[in-house]
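# Examination of the molecular architecture
One letter stands for each residue in the lines below.
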Amino acid sequence: MEKGRIWRSIDLIYWRNSQLEAVLTRQELQERYHLNRYLILWGAFSGRFVQKLWNEKALAGFHQLCRRNLNIVHSNRQRMNYSANEYQRIFLDLFYNVEGRKFYLFGSGNYTKKFLSRFGKECEIIGILDNNPDKWGTQMGGIPVLSPEIVGDLQPDEYKVIICIKNYIPVLK
């Protein structure tokens, strides 16, 4: 627990303190005391310390009733951007009209991993499209990662692409 207090103290000391950043940046402090090697561990210590400090376990039921559910907030934000029919088509009817089509996912990050774990057995995915040329030729869950240009050779009724990235609007357009 002591390590959590140390990291939390560093967070608080540097929070909105531009004068301290000018004298000794947080990065320099971390390098000087060899803290960079264990950033994830320090973050975990800090998180556990804050959970204990705020008594999160005992208050979990209360928070579930009174705090906003960020998944619902995000979903509602998306609904505001589209008509009811568009929202239904884009976000809910993922497998509508896919019979006989080649099925691709766009993006090779965490959203694709979640999609594969949830829906990977429900449909045959031909490939994962990604804009990063370094990922082309690799595989994700046994599925090849490909250039998005390959769908340019197909007719629109031959394939369906599910976008699995956070900033999906540019890809959707």
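Residues numbered from 1 in each chain as written. Predicted model: local features only at pLDDT ≥ 70, side-chain atom pairs only at ≥ 80, totals over all residues. Heavy atoms only, no water.

### Comments concerning the confidence of the model for the protein chain
Inclusion rule: pLDDT expresses how confident the predictor is about each individual residue, on a scale running from 0 to 100. Numbering of helices and strands starts at the N terminus; helices are DSSP runs of H or I of at least 4 residues and strands are runs of E of at least 2.
Of all residues in the protein chain, 98% attain a pLDDT of 70 or more, and the chain-wide mean is 84. Element-level mean pLDDT values for the protein chain span from 76 in helix 9 (residues 169–172) up to 94 in strand 4 (residues 143–146).

### Observations concerning the nonpolar core
Applicable threshold: Only buried residues count toward a nonpolar core. Its members are Ala, Val, Leu, Ile, Met, Phe, Trp, Tyr and Cys residues joined through side-chain atoms within 4.5 Å. Classification of residues uses two cut-offs on accessible area relative to the type maximum, computed with a 1.4 Å probe and protein chains only: under 20% is buried, over 50% is exposed, and between them is partly exposed. It only takes one pair of heavy atoms within 4.5 Å for two residues to be counted as in contact.
Within the largest apolar cluster, 15 residues are counted, with the highest numbers of intra-cluster contacts made by F103, L105, F115, L116, I125, I128 and I162. The set of elements that each furnish at least two residues to this core consists of strand 1 (102–106), helix 8 (110–119), strand 2 (125–129) and strand 4. The greatest single-element share of this core, amounting to 3 residues, is contributed by helix 8. Setting aside residues up to four positions removed in sequence, L116 forms contacts with L105, I125, I128, M140 and I143. By size, the runner-up hydrophobic cluster in this structure holds 8 residues, among which are I10, Y14, L29 and F45.

### What about the pairing of strand 4?
Short version of the rule: For two strands to count as paired, DSSP must find a minimum of two bridges between them.
Taken together, the 2 bridges between strand 2 and strand 4 define a ladder with parallel strand orientation. Within strand 4, the residue paired with L129 across the bridge is L146. With 2 bridges joining them, strand 3 (residues 139–140) and strand 4 adopt antiparallel strand pairing. Residue pairing in the sheet places M140 in a bridge with I143 of strand 4.

### Let's talk about the environment of G141
Of note, G141 is situated in the loop between strand 3 and strand 4. Judged by relative accessible area, G141 falls into the exposed class, the value being 76%. Separated by 25 residues in the primary sequence, G141 and L116 have C-alpha atoms spaced 8.0 Å apart.

### A word on the sheet that holds strand 4
The criterion, for reference: Axes here mean lines fitted to C-alpha atoms, for a helix over just the part in contact, with angles spanning 0 to 180 degrees between N-to-C directions.
Reading across the sheet, the 5 strands line up as 3-4-2-1-5 and stay open at both edges, with mixed pairing between neighbours. The open sheet is flanked by strand 3 and strand 5 (159–163), the only strands paired with a single partner. Across the face of the sheet, helix 8 comes into contact with strand 1, strand 2, strand 3, strand 4 and strand 5 while running at roughly 140° to strand 1.

### Some words on the packing of aromatic side chains
What counts here: In this analysis, rings of Phe, Tyr and Trp, with Trp reduced to its six-membered ring, are considered paired at centre separations within 6.5 Å, and the interplanar angle assigns stacked below 30 degrees, edge-to-face beyond 60, and tilted for intermediate values.
Tallied over the entire structure, the rule returns 2 aromatic pairs. Between F115 and F119, the aromatic rings sit 4.9 Å apart at their centres with planes inclined by 50°, giving tilted as the arrangement. Of this pair, F115 and F119 both sit in helix 8, separated by 4 residues, roughly a single helical turn. On the basis of relative accessibility, which here comes to 6%, the residue F115 falls in the buried class.

### Points about helix 6 (residues 70–81)
Along an α-helix, a turn takes 3.6 residues, which lines up residues three or four apart on a common side. Spelled out, the test is: Expected helix span is taken as 1.5 Å per residue step, with the number of steps being one fewer than the number of residues. In the analysis that follows, any N or O atom pair within 3.5 Å is treated as a polar contact, provided that within protein one partner can donate a hydrogen and the other can accept it, and provided that, for residues neighboring in sequence, both atoms belong to side chains.
The terminal C-alpha atoms of helix 6 lie 17 Å apart, and with 12 residues this matches the ideal 16 Å at 1.5 Å per residue to within 8%. With a side-chain oxygen lying 2.8 Å from the backbone nitrogen of N71, the N-terminal cap of helix 6 falls on N69.

### Focus: the pattern of salt bridges
In plain terms, the rule: Salt bridge, as applied in this entry: a Lys or Arg side-chain nitrogen positioned within 4 Å of an Asp or Glu carboxyl oxygen.
Considering all chains together, one arrives at 2 salt bridges under this definition. Here D11 makes a salt bridge to R26, at a shortest N to O gap of 2.4 Å. In this pair, D11 sits in helix 1 (residues 2–14) while R26 sits in helix 3 (residues 26–32), placing the two residues 15 residues apart along the sequence. A salt bridge links E56 to R67, with the nearest nitrogen and oxygen atoms 3.5 Å apart. Of the two residues, E56 is situated in helix 5 (residues 56–66) and R67 in the loop between helix 5 and helix 6; the sequence distance between them amounts to 11 residues.

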